[in-house]
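Residues per chain are reported as follows:
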Amino acid sequence: MADVYTFGNAEILVADVLETGLMPEISTMTKIGEVLEDSASLTQEEGDKTEIFEEGNPDPKVIIEKPGSITVAFNIMNADPKMLSDYLGGTVGVTSKEWEFDGKKKSVQKALFIRPQQGLYFKFPKASISAVIAGDLNQSGLLTLNFTAKPLSPGAGKKSVFAGKVSDLVPAG
């Protein structure tokens, strides 16, 4: 078996969550925006372990493990008023074309596809996505929309995370 090394972020795609709980076809998904270089990460927390002991025995009889949650984080550098409305809440004024925020945070759930330049891609049929505005307003800084996404259960008996090799993806077109 060939070694698989995962690096680089080629693109992050989103689509509406399907009622079936299945992953949308990649060809129907859209690029979320321009991801700031070196801002994307995918991490899994250390899970919980419960050890069950027999009285007087220092070694556990059973260890029950629960996996930790997965988090994807990335910063979008080309946010516009529509993106602010889509991921933070509020509206875009018809005449002014300005983002108008009423202080009410929007709950966003989308299907998410993370494709690196090489290695393993990740697909979440249903993910909770939150965003915040961040950045430095100076000559060397950049205002970004910083995203955090966590996979959610897409439904009873459905898988919440898929991963495969980029080299196995069917080319678009």
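Since the structure is predicted, the reported quantities are computational estimates derived from the model, not experimental observations.

## So, the overall build of the chain
(1) Moving on: Across its full length, the chain carries one helix and 12 strands.
(2) Moving on: Its helices and strands taken in sequence order, the chain reads β-β-β-β-β-β-α-β-β-β-β-β-β from the N to the C terminus.
(3) Moving on: Over its C-alpha trace the chain gives a radius of gyration of 20 Å, far above what one expects of a compact globule, namely 16 Å for 173 residues.
(4) Moving on: For the chain, the C-alpha atoms occupy an extent of roughly 75 × 40 × 40 Å along the three principal directions.

## Quick word on the pattern of salt bridges
(1) Moving on: If you walk through the whole model with that rule in mind, you get five salt bridges.
(2) Moving on: Lys 82 is paired through a salt bridge with Asp 86; the nearest N and O atoms lie 2.7 Å apart. With a gap of four residues between them, Lys 82 and Asp 86 both fall in helix 1 (residues 81–88), about one helical turn apart.
(3) Moving on: Here Asp 86 falls in the partly exposed class, since its relative accessible area comes to 29%.

## Some words on the packing of aromatic side chains
(1) Moving on: What the rule picks out here adds up to four aromatic pairs.
(2) Moving on: On the numbers, 5.6 Å between centres and 45 degrees between planes, the contact of Phe 113 with Tyr 121 is tilted.
(3) Moving on: You can call Phe 113 buried: its relative accessible area is 1%.
(4) Moving on: In this structure Tyr 121 comes out as buried when scored by relative accessible area, which is 13%.
(5) Moving on: Grouping aromatic residues by their ring pairs yields a cluster made of Phe 74, Tyr 87 and Phe 147.

## Some thoughts on the layout of surface pockets
(1) Moving on: As a volume, the largest pocket reaches approximately 450 Å³.
(2) Moving on: The wall of the largest pocket is formed by 23 residues, among which Phe 7, Gly 8, Asn 9, Ala 40 and Pro 116 lie closest to the centre.
(3) Moving on: Those elements that provide at least two residues to the lining of the largest pocket are strand 1 (7–15), strand 3 (41–44), strand 9 (108–118) and strand 10 (120–135).
(4) Moving on: Considering every element that reaches the lining of the largest pocket, the biggest residue donor is strand 1, with six residues.

## Quick word on a nonpolar patch on the surface
(1) Moving on: A surface patch of nonpolar side chains, amounting to about 250 Å² of accessible area, comprises Ile 52, Val 62 and Ile 64.
(2) Moving on: You can call Ile 52 partly exposed: its relative accessible area is 38%.

## A few points about the pairing of strand 11 (residues 143–151)
(1) Moving on: As paired elements, strand 6 (residues 70–76) and strand 11 share five bridges and run antiparallel to each other. Within strand 11, the position partnered with Asn 75 by the bridge is Asn 146.

## Observations regarding the nonpolar core
(1) Moving on: If you look at the biggest cluster of nonpolar residues, it comprises 22 residues, and the most contacted ones within it are Ile 32, Tyr 87, Leu 112, Phe 124 and Phe 147.
(2) Moving on: Ignoring anything within four residues of it in the chain, the contact list for Phe 147 reads Ile 32, Val 72, Ala 73, Phe 74, Asn 75, Ile 76, Met 83, Tyr 87, Ile 129, Ser 130 and Ala 131.
(3) Moving on: Of all hydrophobic cores here, the second largest spans eight residues; its members include Leu 13, Met 23, Phe 113 and Val 166.

## Thoughts on the environment of Val 35
(1) Moving on: Relative to the helices and strands, Val 35 resides in the loop between strand 2 (30–31) and strand 3.
(2) Moving on: As a C-alpha pair, Val 35 and Thr 6 span 29 residues in sequence and 17 Å in three-dimensional space.
(3) Moving on: What Val 35 contacts, discounting residues up to four positions off in sequence, is Asn 9, Ile 12, Ala 40, Phe 74, Asn 75 and Ile 76.

## What to know about the side chain of Lys 110
(1) Moving on: Structurally, Lys 110 can be placed in strand 9.
(2) Moving on: At a separation of 2.9 Å, a polar atom in the side chain of Lys 110 contacts the side chain of Asp 16.
(3) Moving on: Excluding anything up to four places from it in sequence, Lys 110 contacts Val 14, Ala 15, Asp 16, Val 17, Tyr 87, Phe 124, Pro 125, Lys 126, Ala 127 and Ile 129.

The rules we used
- Residues numbered from 1 in each chain as written.
- Predicted model: local features only at pLDDT ≥ 70, side-chain atom pairs only at ≥ 80, totals over all residues.
- Heavy atoms only, no water.
- Helix = DSSP H or I, 4+ residues; strand = E, 2+ residues; numbered from the N terminus.
- Rg over C-alpha atoms; globule rule 2.2 N^0.38 Å.
- Salt bridge = Lys/Arg side-chain N within 4 Å of Asp/Glu carboxyl O.
- Buried < 20%, exposed > 50% of the residue type's maximum accessible area, 1.4 Å probe, protein only.
- Phe/Tyr/Trp six-rings, centres within 6.5 Å; stacked < 30°, edge-to-face > 60°.
- 1 Å grid on protein atoms, 1.4 Å probe; cavity = no way out; pocket = protein on both sides within 12 Å on 5 of 7 lines; lining within 4 Å.
- Points joined across faces, edges and corners; volume = space filled by probe spheres on them.
- Patch = residues over 30% accessible without salt bridge, like charges linked within 9 Å, V, L, I, M, F, W, Y side chains within 5 Å.
- Areas by Shrake-Rupley, 256 points an atom, 1.4 Å probe, with all protein chains shown as cover.
- Pairing = 2+ DSSP bridges.
- Core = buried A, V, L, I, M, F, W, Y, C linked by side-chain atoms within 4.5 Å.
- Contact = heavy atoms within 4.5 Å.
- Polar contact = N/O pair within 3.5 Å; in protein donor to acceptor, adjacent residues only side chain to side chain.

Nothing here speaks to function; it is geometry throughout.
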